[in-house]
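# What the coordinates show
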Amino acid sequence: MSDFFTYNDHEIAERRLKRRATRIMQLKITLGLIALIVIFIMLVPTVSCLWVIVFLLGVISIPMGIEHYYDAPERLPSNAQTEEEMRWLFGEEWQANADAKQYAFAQERIRQRAVRRWTFAGHLLVFIPAEVLLLQGFHLTNSTDSAVWLVIMVGWAFLVFLHWRYVFPSNKRLEKRETQYGNYLRGELERMQPEQKAKLKRGVYYMVGDDGELVEVEDEDYEAEKPKPFADRHD
């Protein structure tokens, strides 16, 4: 997302459409390969070892399907969710400078959080049977090896806890995290802007010079020399 704000509105919409089309194509190809391999195994039972490939392709297709599900237009975040994310990322006055880039960026942050929740579910599905195997190894080995198994079990369980805490934060912790990220983001964007070397003018003003020609003047000179309203003139 480092170059997200370099795209204009049209490019952002185009990139979304391309991303959806690419994911659909990848998902179709993966599912098609699974179907072909399964048919081949049914026709030639001696190649049952290909079930390993079917399993791996199935594992690969799951995150593809999840990404495609949450990237569908009908499943975009609600206006309330997007506005709350905008407030966290860009401050209370976000409406003053809101544009399509910022809305798309906020929606992408919300979408990524939804996808990450499913990655935790996958982590949990791997962790539970692995933990059972580790527990068996803990009971079947001597005291020295048991300590190693115990460290692995406890360490992995702690990582699962941290993963859960990250993908399922409380609303208060989520607000704090997104606000902090928004502060970092705005600071980085400000550093990317070129420094202003001169004061911006409010406008271009002209007055009649001594030779009768129009000459450009600064704001201060214009304010000092411009005729006063009739009501402000003194007799």
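Preceding this paragraph is the structure being described.
All of the points below concern the structure found in this document. (Residues numbered from 1 in each chain as written. Predicted model: local features only at pLDDT ≥ 70, side-chain atom pairs only at ≥ 80, totals over all residues. Heavy atoms only, no water.)

Let us look at the nonpolar core. Side chains that are nonpolar tend, in soluble globular proteins, to be buried together. One finds Met-86, Leu-89, Phe-90, Trp-94, Phe-105, Ala-106 and Leu-185 forming the largest nonpolar core, which totals 7 residues. At the level of secondary structure, the elements contributing two or more residues to this core comprise helix H3 (79–90) and helix H5 (100–140). By size, the runner-up hydrophobic cluster in this structure holds 5 residues, among which are Ile-34, Ile-37, Ile-41 and Leu-57. (Core = buried A, V, L, I, M, F, W, Y, C linked by side-chain atoms within 4.5 Å. Buried < 20%, exposed > 50% of the residue type's maximum accessible area, 1.4 Å probe, protein only. Helix = DSSP H or I, 4+ residues; strand = E, 2+ residues; numbered from the N terminus.)

So, about H3. Compared with the 16 Å implied by 1.5 Å per residue over 12 residues, the 16 Å span of H3 between its first and last C-alpha is a close match. Of all the positions in H3, only Thr-82, Glu-85, Met-86, Trp-88, Leu-89 and Phe-90 are classed as buried. Summarising the axial view, the buried residues of H3 lie within an arc of 165 degrees, below the 170-degree limit, and thus occupy one face. Where H3 is buried, its residues contact helix H4 (94–97), H5 and helix H7 (171–192). A positive backbone phi angle near 90 degrees is found at Gly-91, which sits one or two residues after H3. (Expected span 1.5 Å × (residues − 1). Arc of directions from axis to C-beta. Contact = heavy atoms within 4.5 Å.)

Let us look at the side chain of Glu-85. With respect to the helices, strands and loops of the structure, Glu-85 is situated in helix H3. Residue contacts for Glu-85: discarding those within four places in its chain leaves Ala-106, Arg-109, Ile-110, Arg-113 and Glu-178.

With that settled, the discussion passes to the packing of aromatic side chains. All told, the structure shown has 7 aromatic pairs when counted by the stated rule. Geometrically, the ring pair formed by Tyr-69 and Tyr-70 is edge-to-face, given 5.0 Å between the ring centres and 90 degrees between the ring planes. Look at Tyr-69 and you get partly exposed, because its relative accessible area is 42%. Residues Trp-94 and Tyr-103 carry aromatic rings whose centres are separated by 6.1 Å and whose planes lie at 85 degrees to one another, so their mutual orientation is edge-to-face. For Trp-94, a relative accessible area of 8% translates into the label buried. Judged by its relative accessible area of 32%, Tyr-103 falls in the partly exposed class. Grouped by ring-pair contacts, the aromatic residues Phe-158, Phe-161 and Trp-164 constitute a single cluster. Between Arg-109 and the ring centre of Tyr-181, over which it is positioned, the NZ or CZ distance is 4.0 Å. The positively charged end of Arg-177 is found above the aromatic ring belonging to Tyr-166, 4.4 Å away from the centroid. (Phe/Tyr/Trp six-rings, centres within 6.5 Å; stacked < 30°, edge-to-face > 60°. Lys NZ or Arg CZ within 6 Å of the ring centre and 35° of its normal.)

Another point: helix H2 (residues 51–71). For H2, built from 21 residues, the straight-helix expectation of 30 Å at 1.5 Å per residue is met to within 8% by its first-to-last C-alpha distance of 30 Å. Looking at H2, one finds that the buried residues are Val-54, Leu-57, Ser-61, Met-64, Ile-66 and Asp-71.

Across the interface, H3 lies against H7 with an axial gap of 6 Å and an inter-helix angle of 55 degrees. Classified by the interaxial angle, the pair formed by H3 and H7 is oblique. On the side of H3, the interface is formed by Glu-84, Glu-85, Arg-87, Trp-88, Leu-89 and Phe-90, while H7 contributes Asn-171, Leu-174, Glu-175, Glu-178, Thr-179, Tyr-181, Gly-182, Asn-183, Leu-185 and Arg-186. The residue inventory of the contact of H3 with H7, partitioned by class, reads 6 nonpolar, 4 polar and 6 charged. (Axes fitted to C-alpha atoms, helices over the stretch in contact; angles between N-to-C directions. Parallel < 35°, antiparallel > 145°, perpendicular 65-115°, else oblique. Nonpolar A, V, L, I, M, F, W, Y, C, P; charged D, E, K, R; others polar.)

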